[in-house]
Amino acid sequence: NFSDNVVIIQVESLDLAILDAVAGGNVPVMPFISDLRRKALVYKTVPAHTFGTATSDFAMCSGCIPGGDRIPYKVDGFPFADLPSLAKLASTKGFTTAVFHGNKGYYYNRQAPLRAMGFDTVNFLDDMAEKGIPTYSGYITDEDLFKFSLSLMYTKRNLHFLITVSSHAPWNLIPPFKDMIYENPDKLYEKYSNAMRYVDAC
């Protein structure tokens, strides 16, 4: 039963304009998410992106807007456990909470703060590799990340927060897949279009 699951996906490098973009001979770059947007409630916001993308997930997971030029995850003595976090709110509603990211947990120092905020499980590259999930170019692909998250949703009331890595600059972290727009990308926009198409396909 998937009706009681909430999934939040932070897609690296995704800008609203790419949802309606076409490339490589009028091929839609993100047809699935574009179609989903037409069926859903959509809120346009300015992301909390003051210093690195980690500030965006910090804002979503902590319930607080970061300020200054430092990533809060890296501030020694920061009271992460005292924040009105997404995990704490979800737990009051009976949700089991989990974070998933295809990069290592020490990247931006996310791992310990997210645990302190109350997430039941925190799944980074090393955690998932220990469970037998393969890596590609040193990361967990978005396809495998999404599949792993999905495999844990067969119990009721899960809240999963996922951060993609395949769509991260310089957009060369995707495996070959059947719906690639550019077979041999060499220009930056070609690599970006392929990466966003890959996330959409996943």
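Everything discussed here concerns the structure shown above.
Colleague: Looking at this structure, how should I read the environment of Val-27?
Modeller: Here Val-27 lies in strand E3 (residues 27-28). When its relative accessible area of 26% is taken as the criterion, Val-27 is described as partly exposed. Discounting chain neighbours no more than four positions away, the residues touching Val-27 are Ala-21, Val-22, Ile-181 and Arg-197.

Colleague: In this structure, what is going on with the pattern of salt bridges? I would like to understand it.
Modeller: Working definition: two side chains of opposite charge can pair if their charged atoms are close together. The full count for this structure, using the stated rule, is seven salt bridges. Measuring nitrogen to oxygen at the nearest pair gives 3.9 Å for the salt bridge that ties Lys-156 to Asp-4. Note that Lys-156 is positioned in the loop between helix H6 (142-151) and strand E6 (158-163) and Asp-4 in the segment before strand E1 (6-10), a separation of 152 residues in sequence. Exposure remark for Lys-156: the relative accessible area of 54% places this residue in the exposed category. With a closest N to O distance of 2.7 Å, Arg-37 and Asp-20 form a salt bridge. Highlighted residues: Arg-37 in helix H1 (residues 31-39) and Asp-20 in the loop between E1 and strand E2 (22-23), separated in sequence by 17 residues. Given the relative accessible area of 21%, Arg-37 is considered partly exposed. Looking at Asp-20, the relative accessible area reads 49%, which means it is partly exposed.

Colleague: Sorry, what's going on with the state of the cysteines here?
Modeller: When the sulfur atoms of two cysteines share a covalent bond, that bond is a disulfide. Under the definition given, this model contains zero disulfides. The thiol sulfur of Cys-61 is not disulfide-bonded, and the nearest other cysteine sulfur, from Cys-64, lies at 11 Å. With a relative accessible area of 24%, Cys-64 lands in the partly exposed category.

Colleague: Whenever I open this one, the packing of aromatic side chains confuses me. Can you help?
Modeller: Each pair of aromatic rings is reported with the distance of its centres and the angle of its planes. Across all of its chains, the model carries eight aromatic pairs by this definition. On the numbers, 4.8 Å between centres and 35 degrees between planes, the contact of Phe-78 with Phe-80 is tilted. A relative accessible area of 27% places Phe-78 in the partly exposed class. Aromatic pair Phe-177 and Tyr-198: ring centres 5.2 Å apart, planes at 65 degrees, arrangement edge-to-face. Of this pair, Phe-177 sits in the loop between E6 and helix H7 (188-201) while Tyr-198 sits in helix H7; the two residues are 21 residues apart in sequence, bridging distant segments of the chain. Summarising the burial analysis for this pair, Phe-177 and Tyr-198 share the class buried. Taken together, Phe-58, Tyr-73, Phe-78 and Phe-80 form an aromatic cluster joined through their ring pairs.

The rules behind each value
Counting starts from 1 at the beginning of each chain's written sequence and moves along it residue by residue. Where local features are concerned, this predicted model is filtered to residues with pLDDT of at least 70; where side-chain atom pairs are given and counted, the filter is 80 or more; whole-chain, interface and lining totals use all residues. Only hydrogens and water are set aside; all other atoms, that is, all heavy atoms of the structure, feed into the side-chain values. Think of it this way: any DSSP run of H or I at least four residues long counts as a helix, any run of E at least two long counts as a strand, and we number them from the N terminus. Classification of residues uses two cut-offs on accessible area relative to the type maximum, computed with a 1.4 Å probe and protein chains only: under 20% is buried, over 50% is exposed, and between them is partly exposed. Contacts are assigned to residue pairs with any non-hydrogen atoms lying within 4.5 Å of each other. Any carboxyl oxygen of Asp or Glu within 4 Å of a side-chain nitrogen of Lys or Arg constitutes a salt bridge here. In what follows, a disulfide is any cysteine sulfur pair within 2.5 Å. Any two of the Phe, Tyr and Trp rings considered here, Trp counted by its six-membered ring, make a pair once their centres fall within 6.5 Å; the pair's planes then place it as stacked at under 30 degrees, edge-to-face at over 60, or tilted in between.

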